[in-house]
Amino acid sequence: MSLSIRNQIPGTVASVTAGEAMATVKVRLAGGQDVTAAITTESVKELGLAEGSEVKILVKSTEVSLATGPVAGVSIRNQIAGTVTDVATGGAMASVKVDVEGGALTAAITKDAVADLNLAAGSAVVALIKSTEVSLATA
């Protein structure tokens, strides 16, 4: 199956914490960084997810925010350090590619945000992704 979601990073399930309706699944990327996905317990069962399962994390580029360093005092669970590899700007929006250990991410942010954060190839950034915006696919 082909998907339009640009951000598809392989990883291994490190833990599954199931609740009555929702579960959190912690996925370890090849570079050692963890990404948490909040998905339904039904999805956990349907995908057969358990510790050691190989998966891909899927995140739309519009759901990736960027910061110039770690952010404290925020509920966003996923803060993934990386380095900007490319910035392509248009009239209002920009596409920022970020290399992270174990994969790559693309963030769709405003052109103004690129300017305000002074983003360019080589910039150190932290990608911020809410756990509810992370989907999982079996590898």
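Residues numbered from 1 in each chain as written. Predicted model: local features only at pLDDT ≥ 70, side-chain atom pairs only at ≥ 80, totals over all residues. Heavy atoms only, no water.

Enquirer: Which residues make up the overall build of the chain, and what values go with them?
Expert: Along the backbone of the chain there are two helices and 10 strands. Helices (α) and strands (β) of the chain occur, in sequence order from the N terminus, as β-β-β-α-β-β-β-β-β-α-β-β. Taken against the 2.2 N^0.38 rule, which gives 14 Å for 139 residues, the C-alpha radius of gyration of the chain at 15 Å falls within 12% of a compact globule. Counting only C-alpha atoms and orienting by the principal axes, one finds that the chain spans roughly 45 × 35 × 25 Å. For the chain, the residues scored as buried account for 37% of the 139 residues in total. Expressed as a percentage of contacts within the chain between residues at least 6 apart in sequence, the contacts between residues at least 24 apart total 61%. Surface summary for the chain: the accessible area is close to 7400 Å², and the carbon and sulfur share equals 49%. Within the chain, one finds 10 positive and 13 negative side-chain charges whose respective centroids are separated by 2 Å. (Helix = DSSP H or I, 4+ residues; strand = E, 2+ residues; numbered from the N terminus. Rg over C-alpha atoms; globule rule 2.2 N^0.38 Å. Buried < 20%, exposed > 50% of the residue type's maximum accessible area, 1.4 Å probe, protein only. Contact = heavy atoms within 4.5 Å. Areas by Shrake-Rupley, 256 points an atom, 1.4 Å probe, with all protein chains shown as cover. Lys, Arg positive; Asp, Glu negative; His and termini not counted. Charge placed at Lys NZ, Arg CZ, Asp CG, Glu CD.)

Enquirer: Would you mind going over the sheet that holds strand E9 (residues 124–129) in detail, with residue names and values included?
Expert: Taken in spatial order, the five strands of this open sheet run E5-E9-E6-E7-E8, and their pairing is antiparallel. With partners counted over all chains shown, the strands left at the sheet margins are strand E5 (65–67) and strand E8 (103–110), one partner each. Taking each pair of neighbouring strands and ignoring which way they run, the sheet shows an average axis angle of 45°. Of the strand pairs in this sheet, strand E6 (residues 78–89) and strand E7 (residues 93–100) are connected by six bridges, and their pairing is antiparallel. Pairing of Thr89 across the sheet is with Ala94, part of E7. (Pairing = 2+ DSSP bridges. Axes fitted to C-alpha atoms, helices over the stretch in contact; angles between N-to-C directions.)

Enquirer: Run through the sheet that holds strand E3 (residues 34–40), naming residues and quoting values.
Expert: Taken together, the five strands give an open sheet; going across it, the order is E3-E2-E1-E4-E10, and neighbouring strands pair in antiparallel fashion. Sheet topology places E3 and strand E10 (135–138) at the edges, where each strand pairs with a single neighbour. Adjacent strand axes in the sheet meet at a mean angle of 45°, parallel and antiparallel pairs treated alike. Of the strand pairs in this sheet, strand E1 (residues 7–18) and strand E4 (residues 54–59) are connected by six bridges, and their pairing is antiparallel. Residue pairing in the sheet places Gly11 in a bridge with Val55 of E4.

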